[in-house]
Every structure is written in structure tokens, then in C-alpha cells.
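# Architecture at a glance
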Amino acid sequence: NTPAASEGSNAHLFTEHDEFPLKVADDYQRYHQERTAFHYFAKKYGNPYNPTYTDFSKPGFTTVDHAINMAAWDLCDQLNGYSSNTGFDIGLYRWDNPVWPQKHQFENKQDAANAIKRTARMFGANLVGITRQDDRWDYASFLDAVKGEVRTWDDFPFKPKTVIALAIESDYEGQSTAPSLTNDGIIGEGYARMSYVAYGVAAFLRAMGYHAVASGNDLGMSVPYAIAAGIGETSRMGLLVTYNMGPRIRLMKVYTDFDFVEYDKPKTFGVRDFCERCKRCADACPSKAISFEDKMSLYPHEGHDAGTNNVGIEKWWTDSKKCLQYWNDSGTNCGTCVTACPYNKPDFWQHRMIEKMNSLMPGPLHTFMREMDIWFGFGDTFDEKAVAKFWSPEGRKYDGRG
Ligand code: SF4
Ligand code: SF4
């Protein structure tokens with residue numbers, strides 16, 4: 001298989017797996033989209049969620065920060081309506097785009113995978129992996145909170161065989177300003193680009209005669225699909241952690257009836273071991289929504305609100321209601337956990353050096369790396385200087401997008 005991730009000379013740090021690398025319970029039940037915390041809050045506060053600001057004096061919350069936030073979400077809404085987190089079959093995520101009547105026949109499946117991955121990179125994907133469609137990761141039903149519509153896979157225009165998992169990098173300096181309106185602009189920009197990139201890949205497949213639909217957070221869960229496609233690992237904070245960008249990414253996917261027969265495999269590079277000792281995200285989380293338990297488990301530990309969680313799959317448990325309540329109370333999309341994560345940091349030599357040491361001597365060295373990360377000045381609380389740096393002429397210095 002073509003490498004899904006840009007592993008480069010660090011390929012030896014990755015372990016490839018034949019099976020999905022997390023335990024799934026025998027009685028695992030498919031999840032319904034309406035159970036997500038976004039739907040819970042849409043019911044509680046209405047959708048679109050649109051807080052009003054009155055104090056524009058704080059760094060990260062000035063009228064300029066407000067404007068970049070509004071501009072990014074305006075663009076996203078133009079592309080996808082007001083349903084970025086709850087919607088489906090809308091804007092660039094529509095289901096009914098025409099398919100070219102003649103099917104292109106590739107020489108072999110490897111050529112097909114190469115062409116699709118090259119196209120995805122051309123549209124701006126940083127990571128691409130191709131995996132088989134899996135009922136376990138697809139929502140049993142979909143609910144659009146704005147339109148009030150519920151649909152199921154019976155309404156979908158074709159039977160998908162394949163899911164193409166895609167990741168795009170978020171702006172490092174913008175992310176460093178979290179929680180702020182500046183960072184919310186980065187998130188909105190990411191949501192806009194998610195649909196742009198996924199639509200481009202889906203349109204490419206349709207132009208070759210195959211059904212294909214772009215998907216953001218709708219249709220199915222992006223994290224297990226991204227794990228299965230080999231582009232990252234799960235983490236304590238519940239987000240996908242990638243090798244080069246950590247959790248500072250946005251995920252999207254494309255459903256298609258193109259059958260690849262051979263697929264990318266899951267790959268791990270030590271995130272699970274590292275998260276067991278790190279816990280920086282849990283320390284930094286202002287709403288205490290992230291578990292401090294040492295080990296992952298199939299079901300939530302006692303006292304944990306499992307209301308919005310998808311149970312029966314091995315993970316660390318987060319409390320999405322606490323998380324989104326903080327978003328509502330702070331008037332931001334927070335993101336402090338992402339900023340705190342050592343894997344989020346750009347590819348500075350000291351991180352890779354420590355990582356190589358970790359692969360030789362795990363355990364206490366993970367704790368050492370966590371301390372080194374702090375020692376090198378990577379904080380995890382709101383920092384006015386980060387906002388000033390984002391807006392300075394030298395901004396974007398560490399952004400991998402060039
Ligand atoms: Fe906690 Fe903020 Fe991360 Fe939510 S986004 S889990 S509130 S740090
Ligand atoms: Fe894992 Fe640490 Fe990142 Fe949290 S901050 S996801 S514990 S590596």
C-alpha cells in the first residue's frame with residue numbers, strides 16, 4: 001500500500017496492524033447521530049449557536065479577532081449552510097451530484113489509490129488513507145438539527161464500499177491562541193476547507209464514473225475511519241493524533257462505491273503509551289471534561305456521563321456536555337486541549353529527538369518528554385503574546401502549509 005501518512009525517514013517508528021487496533025465489544029451498538037453533544041446543545045441553545053459579544057477589549061476578543069472568526073464561519077456557511085456539525089446532504093456535502101456515465105478502468109488498484117491520493121493532496125489534504133466502509137463507524141441514522149430531518153442509509157443514493165479518510169492541518173499560531181475568537185477563526189476556516197477538499201476528491205471519483213459523496217462530521221465517525229485508514233491514533237482527549245501535526249487537524253471523508261479490494265492498514269506510533277503518562281490535556285481542560293484514568297476502557301468509568309458517548313469501543317472517556325458547556329460559557333470553541341498536546345507542536349528537533357529516545361526506552365521517558373515540552377516553553381493556557389504573534393508580520397512562521 002502507498003503510505004497513508006508522511007512518515008518519511010521515520011517509517012521505522014510505525015507499527016502496521018492487520019486488524020483495527022482498538023478493542024470493540026461483542027455487543028457494540030451502532031451510534032445515532034442525534035446522540036452527539038452538538039445535537040444536545042442545539043436542542044438546548046438553538047442552532048445556529050451564535051453568542052453575542054459585548055466586551056471587545058481583551059486580546060483574542062477584539063473586533064479584529066471577532067471579524068476573522070465571523071469571516072471564516074461566514075465562508076463555511078456559504079459552502080455548507082448552517083449545519084457544519086449536524087447537517088448532511090447540503091452544500092458541498094450534497095448527495096445527489098451527477099456521476100459521469102462511463103466508468104474509468106484503472107490498470108490496477110494501486111494505480112487507483114495513487115491517483116486518488118495525489119488528487120487529494122492537490123486539493124490540500126495533508127494526510128490521506130483508504131479503508132473499507134464499516135457499519136460500526138457509520139451512524140445508524142442521521143439528524144439535521146437545522147432542517148429537523150432524520151434519514152437513514154436506506155435514503156442514501158448508493159451502497160458505499162470504501163471510505164477515503166482525509167486530514168488537513170490547522171494554523172499552528174492561530175491554534176496557540178486558544179481559547180479565543182482568533183482560534184475560532186482557525187476552526188471555521190478548517191471547517192470551510194474540509195468541505196472544499198472532500199468535495200474535490202468526491203468530484204474526481206464521480207468524474208471517473210463512480211458514486212462519491214463528501215462528508216464532514218456527518219454520515220459516520222471520522223476518528224475510527226481515520227484510525228482504520230492508518231493516518232493516526234486515538235488519544236486521551238478523544239481526537240485523532242497524527243504523527244506530524246498531532247491533534248491540530250480537521251478530519252473529513254469521502255464515501256464511494258469504488259471497491260479497492262486492498263486497503264491501507266492501521267498504523268500506530270506510540271500515542272497510546274504516551275497518553276497513559278502525559279495527561280497534559282486533562283490538566284489543561286478548563287471544564288475537566290477529559291479523563292485522568294491511566295488506561296483506556298470499553299465502557300465509561302463510574303460517575304462518567306456516558307449520555308453522548310459511543311460506548312463499547314476502547315477509549316479514554318471525555319464528557320462532551322461539560323466541554324460544550326464551557327464553549328457556551330466562554331463564547332469560544334475552546335481548543336485548549338489541542339494547544340496543550342505535545343504532539344501538536346511543529347516539527348522542532350527537540351521533539352523528534354525525545355521521540356526517538358522514547359521508542360528505545362518508553363515509560364519514564366514519556367514523563368520526561370512531557371516535562372521537556374513544558375521546559376521548552378510550550379504553555380497550555382491562554383497567552384496574550386500568542387495572539388500578538390498571530391497578528392504580527394512574522395505570523396505563520398511555523399505553519400507547515402508554507
Ligand atoms: Fe476541555 Fe476545552 Fe478540550 Fe473541551 S475543548 S475538552 S473544554 S480543553
Ligand atoms: Fe495524549 Fe498528552 Fe496529547 Fe493528552 S496532551 S492527547 S495525554 S499526548
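Let me sum up the structure you'll find in this document. Source: prediction; values computed, not measured. (Residues numbered from 1 in each chain as written. Chains lettered and ligands numbered in written order. Predicted model: local features only at pLDDT ≥ 70, side-chain atom pairs only at ≥ 80, totals over all residues. Heavy atoms only, no water.)

Around ligand 1, the surrounding shell consists of Cys285, Pro286, Ser287, Ile290, Cys323, Trp327, Cys334, Gly335, Thr336 and Cys337. Sorting the residues of the shell around ligand 1 by element identifies helix 9 (320-330) and helix 10 (336-340) as the ones contributing at least two each. Each residue belonging to the shell around ligand 1 can be placed in one class, and the counts come to seven nonpolar, three polar and no charged. (Near = heavy atom within 4 Å. Helix = DSSP H or I, 4+ residues; strand = E, 2+ residues; numbered from the N terminus. Nonpolar A, V, L, I, M, F, W, Y, C, P; charged D, E, K, R; others polar.)

Here we come to the site of ligand 2. In the region of ligand 2, the neighbouring residues are Ser235, Arg236, Met237, Phe274, Cys275, Cys278, Lys279, Arg280, Cys281, Cys341, Pro342 and Tyr343. Sorting the residues of the shell around ligand 2 by element identifies helix 7 (271-278) and helix 8 (280-284) as the ones contributing at least two each. With three residues, the top contributor of residues to the shell around ligand 2 is helix 7. For the shell around ligand 2, a count of residues per class yields eight nonpolar, one polar and three charged.

A few words now on the sheet that holds strand 6 (residues 212-215). One open sheet accounts for four strands, arranged 2-5-7-6; its pairing is antiparallel. Unpaired on one side and paired on the other, strand 2 (127-132) and strand 6 mark the two borders of the sheet. In this sheet, adjacent strand axes meet at a mean angle of 20° when their direction is disregarded. Looking at chain direction, strand 5 (residues 162-169) and strand 7 (residues 249-256) are connected through eight bridges and run antiparallel. Note on strand 7: the bridge partner recorded for Thr162 is Thr256. Helix 3 (residues 109-123) contacts strand 2 and strand 5 of the sheet and is inclined by roughly 140° relative to strand 2. (Pairing = 2+ DSSP bridges. Axes fitted to C-alpha atoms, helices over the stretch in contact; angles between N-to-C directions. Contact = heavy atoms within 4.5 Å.)

The next subject is the pairing of strand 2. Put simply, side chains in a regular strand alternate between the two faces of the sheet. Most of strand 2 is tucked away, with five of its six residues classed as buried. Pairing analysis gives six bridges linking strand 2 to strand 5, with the strands arranged antiparallel. Note on strand 5: the bridge partner recorded for Ile130 is Ile164. (Buried < 20%, exposed > 50% of the residue type's maximum accessible area, 1.4 Å probe, protein only.)

Applying the stated criterion to the full structure yields 27 aromatic pairs. Relative to Tyr139, the ring of Tyr31 lies with its centre 6.1 Å away and its plane at 40°, an arrangement referred to as tilted. Here Tyr31, found in the loop between strand 1 (15-16) and helix 1 (37-45), pairs with Tyr139, found in the loop between strand 2 and strand 3 (142-144); they are 108 residues apart in sequence, far enough to count as distant. Comparing Tyr31 with Tyr139, the two get one shared label, buried. Judged by centre distance (5.0 Å) and plane angle (70°), the rings of Trp95 and Phe156 are edge-to-face. (Phe/Tyr/Trp six-rings, centres within 6.5 Å; stacked < 30°, edge-to-face > 60°.)

Once that is clear, we can look at the pattern of salt bridges. Tallying each qualifying case throughout the model produces 12 salt bridges. With its nearest N and O atoms 2.9 Å apart, the salt bridge here joins Asp264 to Lys117. Highlighted residues: Asp264 in the loop between strand 7 and strand 8 (267-268) and Lys117 in helix 3, separated in sequence by 147 residues. Note on accessibility: Asp264 and Lys117 belong to one class, buried. Connected through shared salt-bridge partners, Lys23, Arg272 and Glu314 make up one network. (Salt bridge = Lys/Arg side-chain N within 4 Å of Asp/Glu carboxyl O.)

Attention now goes to helix 5 (residues 181-207). With 27 residues, helix 5 should cover 39 Å at 1.5 Å per step; its first-to-last C-alpha distance of 39 Å lies within 8% of that length. Of all 27 residues in helix 5, 21 are buried; the element is thus mostly enclosed. One or two steps after helix 5, the chain reaches Gly209, where phi turns positive at roughly 95°. (Expected span 1.5 Å × (residues − 1).)

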